[in-house]
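# Descriptive structure summary
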Amino acid sequence: MNYNEKEIKKGIKLHEIKVKEVPAIDDELAKDASEFDTLEAWKKDIQEKYREIGLIIDQPKQGEGNSNDGNTARRFFSDPETAASITGVDYDLIRRFQIILEVIACSKKIDANKFGQYANETATLYNQKYSWRHMPTTVHKILFHGEQIIQHNMLPIGDLSEEAQEKRNKDYRFFREHNTRKISRYCTNEDLINILLCTSDPYMSSIRQKWKSTSLELDEEAKQLLQNENQSYLEEIFTNIV
């Protein structure tokens, strides 16, 4: 059994294997795959090429899982041309995913109809290029149900991520060490919860001094999917509260 057959059988459904209706894979991807004897050899080649430009892909980290985190993903999609040349994946598909990730990560109001149309076009391109590969669940939710999620949420998707919780881990450790009573676990947790509630209050956050942050400029194609690119959705809400 050669490499291509293993990759096809890994990507299609079980009943398709049973009836031997194996769909054709993308020509460019098949050309790249034919250069290697095993999956591990192809994976190692991709890792080495990315390591040359300072990006570590799918390597274990002591006590922290592996190197495939949000920062790695951002760097991967920030340069679609390099990603396409190294992995063999279609450039237009990577470029479209880059735009979608930029839009859903920003704190601006998204035009649900435009986003839905763009996502449907991306899903069509995915099925045309890689019909042999089962679409991941997360990708399916974004492309087919992203429009409905945007319409039924008061806040942008980017403000509903776990990034805020992860950033509070440092505050949690600092407050527990310096701002809590250590006479009992009850008192320690009580003080910790109180100070976290105070520091995360929406009104307190709105009047707190804003720190200067270096935010990346949105791509012009991404701006076309927004309702108002000049105003943050959170700024609009806090203005109405005050």
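Look up: the structure comes first, before these words.
The text that follows walks through the structure, step by step, so that each part is easy to find.

About the criteria used
- Residues numbered from 1 in each chain as written.
- Predicted model: local features only at pLDDT ≥ 70, side-chain atom pairs only at ≥ 80, totals over all residues.
- Heavy atoms only, no water.
- Helix = DSSP H or I, 4+ residues; strand = E, 2+ residues; numbered from the N terminus.
- Buried < 20%, exposed > 50% of the residue type's maximum accessible area, 1.4 Å probe, protein only.
- Contact = heavy atoms within 4.5 Å.
- Patch = residues over 30% accessible without salt bridge, like charges linked within 9 Å, V, L, I, M, F, W, Y side chains within 5 Å.
- Areas by Shrake-Rupley, 256 points an atom, 1.4 Å probe, with all protein chains shown as cover.
- Salt bridge = Lys/Arg side-chain N within 4 Å of Asp/Glu carboxyl O.
- Core = buried A, V, L, I, M, F, W, Y, C linked by side-chain atoms within 4.5 Å.
- Expected span 1.5 Å × (residues − 1).
- Polar contact = N/O pair within 3.5 Å; in protein donor to acceptor, adjacent residues only side chain to side chain.
- Axes fitted to C-alpha atoms, helices over the stretch in contact; angles between N-to-C directions.
- Parallel < 35°, antiparallel > 145°, perpendicular 65-115°, else oblique.
- Nonpolar A, V, L, I, M, F, W, Y, C, P; charged D, E, K, R; others polar.
- Arc of directions from axis to C-beta.

So, on to the overall build of the protein chain. Each helix and strand counted, the protein chain has 14 helices and zero strands in total. For the protein chain, the sequential pattern of α-helices and β-strands runs α-α-α-α-α-α-α-α-α-α-α-α-α-α. For the protein chain, with 242 residues in total, the buried portion stands at 30%. Long-range contacts, defined as pairs at least 24 residues apart, comprise 57% of the intrachain contacts of the protein chain with a sequence gap of at least 6.

This part is about a nonpolar patch on the surface. Taken together, the side chains of Y203, M204 and I207 define a hydrophobic patch exposed on the protein surface, amounting to about 300 Å² of accessible area. Topologically, I207 is positioned in helix α12 (residues 202–207).

Next up on the list: the nonpolar core. Ranked by size, the top nonpolar core spans 25 residues in total, and within it L93, I99, V103, I110, F115, L143 and L226 carry the most contacts. Elements that contribute at least two residues to this core include exactly α7 (91–105), α8 (112–129) and α9 (137–151). In terms of residues, this core owes the most to one element, α8, which gives seven residues. Not counting the four nearest positions on each side in its chain, I99 is found in contact with Y118, D219, E221, A222 and L225.

By the definition in use, this model includes 10 salt bridges. Among the salt bridges present, the one from D45 reaches K49, with a minimum N-O distance of 3.3 Å. Of the two residues, D45 and K49 both sit in helix α4 (residues 39–52), four residues apart, roughly one turn of that helix. When salt bridges that share partners are traced, they join R95, D219 and E221 into one network.

With 15 residues, α7 should cover 21 Å at 1.5 Å per step; its first-to-last C-alpha distance of 21 Å lies within 8% of that length. Where α7 is concerned, the buried positions are L93, I94, R95, R96, F97, Q98, I99, I100, V103 and I104. Packing partners of the buried residues in α7 comprise α5 (70–78), α6 (80–87), α8, α9 and α13 (220–223). For α7, the N-terminal capping position is held by D90, with its side-chain oxygen 3.2 Å away from the main-chain nitrogen of D92.

A word on unusual backbone geometry. With a phi angle near 50°, D58 is a residue other than glycine that sits in the positive phi range. Take D58: it is sitting in the loop between α4 and α5.

Our next topic: the packing of α7 against α9. The geometry of α7 relative to α9 is characterised by a closest axis approach of 12 Å and an angle of 75° between their N-to-C directions. The angle between α7 and α9 places the two elements in the roughly perpendicular class. Of the residues in α9, those in contact with F97, I100 and I104 of α7 are V139, I142 and L143. Of the residues belonging to the contact of α7 with α9, the class tally is six nonpolar, no polar and no charged.

Turning our attention to the environment of K223. Relative to the elements of secondary structure, K223 occurs in helix α13. A sequence separation of 120 residues divides K223 from V103, and the C-alpha atoms of the two residues are 7.8 Å apart.

Given a rise of 1.5 Å per residue, 14 residues ought to cover 20 Å, and the 20 Å separating the end C-alpha atoms of α4 matches this to within 8%. Among the residues of α4, W42, I46, Q47 and Y50 are the ones counted as buried. For α4, the angular spread of buried residues about the axis comes to 135°, placing them on one side. When the buried face of α4 is taken as reference, the exposed residues oriented beyond 90 degrees from it are E40, K44 and E52. One or two steps after α4, the chain reaches G54, where phi turns positive at roughly 85°.

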